[in-house]
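# Structural characterization, general
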Amino acid sequence: MTRPRTRAVSILVVLAALAGLSACSPADKPVLAVRAVDGQPVLLLAECAVFTADRISVYTIDVTPAASWTVDRDGGAAVAGVTVFELPSGWTIDEQTLVAFDSATEYSAAAYGTERNAVPVHFTLGELTGLAPGEVLVGEAAGKRKAVTEAAFRKRAKKVC
């Protein structure tokens, strides 16, 4: 009789440990969106009490060799928006192998914080230039994305932050 009880206790201990491990990595926050301004990708960061971007990167997907444009805050001010290839004041360039966009290439935009990251946004130039006025592209699970109004993006970000 003690054997089934020991097994049940062991299973509960393992489940508790797994639950604890999954709780250690906070979920990415939906605080990043992308739109085009004059044909150029612009990244928008929503205000969030539990996330401040310390590193921003735009990189190619499924391209060899990969290319990226990555900037680090390094003591610069937090930003609410970044036009790709324009260095925010007080930030530094970490990598700049991506120097131009190609209409046939898929890209991903990512923003990284100290404790949490933003949900990345995959995009093509065609998707960005095809957005209606007032719309932005936001990331979802497994590299999916969808167009939403900027107001809906900010409302959702505020709700989860």
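Owing to the predicted nature of the structure, the values given are computational and were not obtained by experimental measurement.

## Structural notes on the nonpolar core
Judged by nonpolar contacts, the single largest core of 37 residues is most densely connected at Ile56, Val58 and Phe123. No other element matches the four residues that strand E2 (residues 40–45) contributes to this core. With sequence-adjacent residues up to four places away left out, Ile56 is seen in contact with Leu43, Leu45, Trp69, Thr70, Val71, Val79, Val82, Trp91, Ala110 and Ala111.

## Considerations on the environment of Val50
Examined against the element boundaries, Val50 turns out to sit in the loop between E2 and strand E3 (55–61). As a C-alpha pair, Val50 and Lys29 span 21 residues in sequence and 8.9 Å in three-dimensional space. Those residues within four positions of Val50 in sequence are excluded, and the remaining contacts are Lys29 and Arg116.

## Looking at the state of the cysteines
Throughout the structure, instances matching the rule amount to one disulfide. The side chain of Cys48 participates in a disulfide bridge whose partner is Cys161; the two sulfur atoms lie 1.9 Å from each other. The sign of the S-S torsion, about -100 degrees, decides the handedness of the disulfide formed by Cys48 and Cys161: left-handed. Of the two residues, Cys48 sits in the loop between E2 and E3 while Cys161 sits in the segment after helix H3 (150–160), which places them 113 residues apart along the sequence.

## Considering the confidence of the model for the chain
In the predicted model, the chain carries a mean pLDDT of 86, and the fraction of residues at 70 or more is 84%. Of the regions scoring below 50 in pLDDT, residues 1–23 engages in zero contacts with residues more than four places distant in sequence or in other chains.

## Looking at the pairing of strand E10 (residues 145–149)
Here five bridges tie strand E9 (residues 135–139) to E10, and the two strands are oriented antiparallel to one another. Note on E10: the bridge partner recorded for Gly139 is Arg145.

## Comments concerning the environment of Gly39
Among the secondary structure elements, Gly39 is positioned in the loop between strand E1 (32–37) and E2. Here Gly39 falls in the partly exposed class, since its relative accessible area comes to 44%. Taking the C-alpha atoms as reference points, Gly39 and Leu128, 89 residues apart in sequence, are found 8.0 Å from one another. Residues within four places of Gly39 in sequence aside, it is in contact with Leu125 and Thr129.

## What to know about the packing of aromatic side chains
Using the criterion set out here, one finds five aromatic pairs in the structure. With 6.1 Å between their ring centres and 80 degrees between their planes, Trp69 and Phe85 make a pair best called edge-to-face. Placement of the pair is Trp69 in strand E4 (residues 68–72) and Phe85 in the loop between strand E5 (81–83) and strand E6 (92–96), with a sequence separation of 16 residues. Seen from their ring centres, Phe101 and Phe123 are 6.3 Å apart, and the 50 degrees between their planes marks the pair as tilted. Taken as a pair, Phe101 in the loop between E6 and strand E7 (106–112) and Phe123 in strand E8 (residues 121–123) lie far apart in primary sequence, 22 residues in all. Comparing Phe101 with Phe123 shows no difference in burial state: the two are buried. Members of the aromatic cluster, each reached through a chain of ring pairs, are Trp69, Phe85, Phe101, Tyr107 and Phe123.

Definitions and cut-offs
- Residues numbered from 1 in each chain as written.
- Predicted model: local features only at pLDDT ≥ 70, side-chain atom pairs only at ≥ 80, totals over all residues.
- Heavy atoms only, no water.
- Core = buried A, V, L, I, M, F, W, Y, C linked by side-chain atoms within 4.5 Å.
- Buried < 20%, exposed > 50% of the residue type's maximum accessible area, 1.4 Å probe, protein only.
- Helix = DSSP H or I, 4+ residues; strand = E, 2+ residues; numbered from the N terminus.
- Contact = heavy atoms within 4.5 Å.
- Disulfide = S-S within 2.5 Å.
- pLDDT = per-residue confidence, 0-100.
- Pairing = 2+ DSSP bridges.
- Phe/Tyr/Trp six-rings, centres within 6.5 Å; stacked < 30°, edge-to-face > 60°.

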